[in-house]
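A closer look at the structure
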Amino acid sequence: MDPPNLYPVKLYVYDLSKGLARKLSPIMLGKQLEGIWHTSIVVHKDEFFFGSGGISSCPPGGTLLGPPDSVVDVGSTEVTEEIFLEYLSSLGESLFRGEAYNLFEHNCNTFSNEVAQFLTGRKIPSYITDLPSEVLSTSCVFSLRRPFGQALRPLLDSIQIQPPGGSAVGRPNGQS
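Residues numbered from 1 in each chain as written. Predicted model: local features only at pLDDT ≥ 70, side-chain atom pairs only at ≥ 80, totals over all residues. Heavy atoms only, no water.

Counted only if it meets this: UniProt positions are given in the numbering used here, feature names are shortened, and annotations may be inferred rather than shown by experiment.
In the nomenclature of an unreviewed UniProt entry, the chain corresponds to Desumoylating isopeptidase 1 from the organism Rousettus aegyptiacus. According to the UniProt record, the Subunit (unreviewed entry) comment for the chain reads "Homodimer. Interacts with UBQLN4; leading to the export of UBQLN4 from the nucleus." The record in UniProt for the chain states the following under Sequence similarities (unreviewed entry): "Belongs to the DeSI family."

Here we look at the overall build of the chain
Note the cut-off: In this text, helices come from DSSP runs of H or I with a minimum length of four residues, and strands from runs of E with a minimum of two, each type numbered from the N-terminal end. For the exposure calls, accessible area comes from a 1.4 Å probe over protein chains only, and a residue counts as buried if that area is under 20% of its type's maximum, exposed if over 50%, partly exposed in between. The contact criterion used is simple: two residues touch if any of their non-hydrogen atoms lie within 4.5 Å. Where accessible areas are quoted, they stem from the Shrake-Rupley method and a 1.4 Å probe; at the residue level, only the protein chains shown are allowed to cover.
Along the backbone of the chain there are six helices and six strands. Listing every helix and strand of the chain by position from the N terminus yields β-α-β-β-β-β-α-α-α-α-α-β. Counting only residues that meet the buried cut, the chain has 40% of its 176 residues in that class. Within the chain, contacts between residues separated by at least 24 positions form 72% of all contacts whose residues are at least 6 apart in sequence. For the chain, the exposed surface amounts to about 9600 Å²; the carbon and sulfur share of it is 55%.

Some points on the confidence of the model for the chain
Put simply, the rule reads: A score from 0 to 100, pLDDT tells how confident the predictor is in each residue.
Model confidence for the chain is summarised by a mean pLDDT of 83, while 76% of its residues fall at 70 or above. Below a pLDDT of 50 lies the segment residues 142-146, which in the model reaches two contacts outside its immediate sequence neighbourhood of four places, other chains included. Overall, residues 171-176 carries pLDDT values under 50, and its contacts beyond four positions in sequence, including any with other chains, amount to four contacts.

Some words on the pattern of salt bridges
To keep things clear, this is the line we draw: Basic side-chain nitrogens of Lys or Arg form a salt bridge, by our definition, when they fall within 4 Å of a carboxyl oxygen of Asp or Glu.
Using the criterion set out here, one finds three salt bridges in the structure. A salt bridge links Lys10 to Asp73; the nearest nitrogen and oxygen atoms lie 3.7 Å apart. Here the residue Lys10 occupies a position in strand β1 (residues 7-15), and Asp73 occupies one in strand β5 (residues 70-77), the gap between them amounting to 63 residues. A relative accessible area of 46% means that Asp73 is categorised as partly exposed. Measuring nitrogen to oxygen at the nearest pair gives 3.0 Å for the salt bridge that ties Glu34 to Arg22. Here Glu34, found in the loop between α1 (20-29) and β2 (37-43), pairs with Arg22, found in helix α1; they are twelve residues apart in sequence, far enough to count as distant. The partly exposed category is assigned to Glu34, whose relative accessible area is 42%. For Arg22, a relative accessible area of 42% translates into the label partly exposed.

Here is the structure:
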């Protein structure tokens, strides 16, 4: 019997702040943040991500975010492209519909973590998945009455992040 084919699984990590989080977070939040992370999974020669438009895909580095700030090797998978696309279609109809997107509780990083575990059994780094709770628990030097992250939450919740440049997964020609 031949050994199974193994496919590499990569986590693309983008800093949406383009370095501003590192510079401004000590002043704004009273805590050092290295970045505001957007992640995606690269497997079977495509990049897959989640945002307010649902699950999308593009060639690796093909969003308007450009090349990732870092690439994390998550491992390898035996899951074929056909099975993976069926899995994504199922996720897109259930847990990861566009309207389910929430900047703090159900975002691109939640998606990347779920997919990484499905493909490899490994989670993505905790410095990424813990970021929303870190931001929400920060206090601002300007107001000690309420955590600054909580004060910003209504504004941040209204933001819908969808990195452009991808097409919807499971829809012909990327049509919605």
